[in-house]
Amino acid sequence: LISNYAALLIEYSMIHLLWRLPRFTLVNCRYRALTAMAESNKATRRHARQGSTTSTITAAEISIDVPWGRISGKAWGSPSGRPVLSLHGYLDNAGSFDKLIPLLSPDLYVVAIDWPGHGLSSPRPAGAYYHFINMVADLKYVIDGLGWKNFSFLSHSMGAGVATLFAASLPEYVEKMVALEGLVPFSVDTNDLPMRLGKAIRNLGKFEDKAVKIYSSLDTCVLRLMEGNKGLTRESAETLCVRGTTPVENGYVFSRDLRLKSTSMLYFSHEMSASFVKKVQCPVLVVRAEISLVQEMLDRLVKCLKMSKTVTVPGNHHVHINNAVVVAPVVNDWLLSDV
């Protein structure tokens, strides 16, 4: 029998091999899919019963062209299904939803992207930095590439924050939202904004030429990820490392752009964040963990939403990947409902 870890190693090797083969590129299309995986998806997709812990649903790798390279991701289901865009959190990748999405209804077409500089997506150009406002623009490239006019969000942490900004600014696109352990980007007191900007400018370029650390094995990467994210289970860390690491001559490196760790030059004040939440027109399902990282923020801002439902599930900030079975039923019901 192949162990879970060995199976992940096989998946890891296939993703990094197939991604480099030009024969999988679909021409005359705004986005490209790995057709072998897509055909497998069609052949094996079955109904995932609510509450089930297993599924035969597989994902197809996709790539959307953007001016600086590509935004990569994974797609589950038929393009004729209800469109759902999944957005992962800070320093994670599309694999963050590998446990949850296969448990959802086959009536959904779910695309989970790697944010720029994460997973298999291209980093931003030299001299560019990562701000959440840019990420809102990234989403416009994605939905244009997918040809979507209306869709719903399934988002976690930082991804939920960007989803809120998009839904508030471009409400005509968004039908529903699921916000898992998040709602707005990290905000600060208005009086702290000058200090935050000064700190960012002083540290400008800190990560531009910094050498990437090489880890001796994939297992070492898994352990490092668990060390930096105390709430992650080993299985969850292994899943994230499939897209989040790259093999090099002497071992493995994390594939995320080091500039993601730069101090942000742009923050919203608490008041600015609240103004965006108030402008969200679509219904929002807020899923908070019993051991939440964002409890204070949710207590302060959920009441600003026009239409919302809050559900608390057992687990921590990473419950959607650590124990997806407790999250899937509420997410599934929400995305399929007529609210």
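Residues numbered from 1 in each chain as written. Predicted model: local features only at pLDDT ≥ 70, side-chain atom pairs only at ≥ 80, totals over all residues. Heavy atoms only, no water.

Caption draft 1: Up close: the confidence of the model for the chain. Considering every residue of the chain, the mean pLDDT works out to 87; 83% of them sit at 70 or more. Every residue in residues 18-54 is under pLDDT 50, and counting partners more than four places away or in other chains gives 75 contacts. (pLDDT = per-residue confidence, 0-100. Contact = heavy atoms within 4.5 Å.)

Caption draft 2: Structural view of helix α6 (residues 218-228). Within α6, burial applies to Leu218, Cys221, Val222 and Leu225. Looking straight down α6, one finds its buried side chains confined to an arc of 100 degrees; they lie on one side. (Buried < 20%, exposed > 50% of the residue type's maximum accessible area, 1.4 Å probe, protein only. Helix = DSSP H or I, 4+ residues; strand = E, 2+ residues; numbered from the N terminus. Arc of directions from axis to C-beta.)

Caption draft 3: Molecular detail of the nonpolar core. Counting residues in hydrophobic clusters, the biggest one holds 48 residues, and the most contacted among them are Leu85 and Phe153. If we ignore the near neighbours within four places in the chain, the residues touching Leu85 are Val111, Ile113, Leu139, Val142, Ile143, Trp148, Phe151, Ser152, Phe153 and Leu154. The next biggest cluster of nonpolar side chains, apart from the first, holds 27 residues, and it includes Ala59, Leu103, Val287 and Val313. (Core = buried A, V, L, I, M, F, W, Y, C linked by side-chain atoms within 4.5 Å.)

Caption draft 4: Structural detail: the packing of helix α3 (residues 132-146) against helix α4 (residues 158-169). Where α3 meets α4, the closest approach of the two axes is 9 Å, and the angle between their N-to-C directions is 75 degrees. Compared by their axis directions, α3 and α4 come out roughly perpendicular. Each of Phe132, Met135, Val136, Leu139, Lys140 and Ile143 in α3 lies in contact with α4, whose residues at this interface are Met158, Val162, Leu165 and Phe166. Residue composition of the contact of α3 with α4, grouped by class: nine nonpolar, no polar and one charged. (Axes fitted to C-alpha atoms, helices over the stretch in contact; angles between N-to-C directions. Parallel < 35°, antiparallel > 145°, perpendicular 65-115°, else oblique. Nonpolar A, V, L, I, M, F, W, Y, C, P; charged D, E, K, R; others polar.)

Caption draft 5: Looking closely at the packing of aromatic side chains. Under the criterion given, the structure shown has 11 aromatic pairs. Between Phe153 and Phe166, the ring centres sit 5.8 Å apart and the planes meet at 85 degrees, which makes this aromatic pair edge-to-face. With Phe153 in strand β6 (residues 151-156) and Phe166 in helix α4, the pair connects residues that are 13 residues apart, well separated along the chain. Taken individually, Phe153 and Phe166 each receive the classification buried, so the pair is uniform in this respect. Through a chain of ring-to-ring contacts, three or more aromatic side chains come together here, namely Tyr109, Trp148, Phe151, Phe153, Phe166 and Tyr173. In this structure, Arg124 is placed above the aromatic ring of Trp68, and the distance from its NZ or CZ to the ring centre is 5.3 Å. The ring of Phe254 has Arg256 sitting right over it, with the charged end atom 4.5 Å from the ring centre. (Phe/Tyr/Trp six-rings, centres within 6.5 Å; stacked < 30°, edge-to-face > 60°. Lys NZ or Arg CZ within 6 Å of the ring centre and 35° of its normal.)

Caption draft 6: Structural view of the environment of Gln281. Positionally, Gln281 belongs in the loop between α8 (270-278) and β12 (284-289). C-alpha of Gln281 to C-alpha of Glu172: the two residues are 109 residues apart in sequence and 8.8 Å apart in space. Excluding anything up to four places from it in sequence, Gln281 contacts Pro171, Lys306 and Met307.

Caption draft 7: Region of the structure containing the pattern of salt bridges. Using the criterion set out here, one finds 11 salt bridges in the structure. Arg243 is the partner of Glu61 in a salt bridge, and the nearest nitrogen-oxygen pair spans 2.6 Å. One end of the pair, Glu61, is in strand β2 (residues 59-66); the other, Arg243, is in helix α7 (residues 234-244), and 182 residues separate them in sequence. Residue classification places Glu61 among the buried positions, given a relative accessible area of 2%. The class for Arg243 is buried, based on a relative accessible area of 1%. Three or more residues joined by partner-sharing salt bridges are found here, namely Glu61, Asp114 and Arg243. (Salt bridge = Lys/Arg side-chain N within 4 Å of Asp/Glu carboxyl O.)

Caption draft 8: A look at empty space enclosed by the protein. Tallied over the entire structure, the rule returns two cavities of 30 Å³ or more. Taken as a whole, the largest cavity spans an internal volume of roughly 90 Å³. Around the largest cavity sit 13 residues that line it, and Leu91, Asn93, Leu240, Gly244 and Arg256 are the ones nearest its centre. For the lining of the largest cavity, the element with the highest residue contribution is α7, accounting for three residues. When its volume is computed, the second largest cavity comes out at roughly 40 Å³. Its residues assigned to classes, the lining of the second largest cavity shows four nonpolar, three polar and no charged. (1 Å grid on protein atoms, 1.4 Å probe; cavity = no way out; pocket = protein on both sides within 12 Å on 5 of 7 lines; lining within 4 Å. Points joined across faces, edges and corners; volume = space filled by probe spheres on them.)

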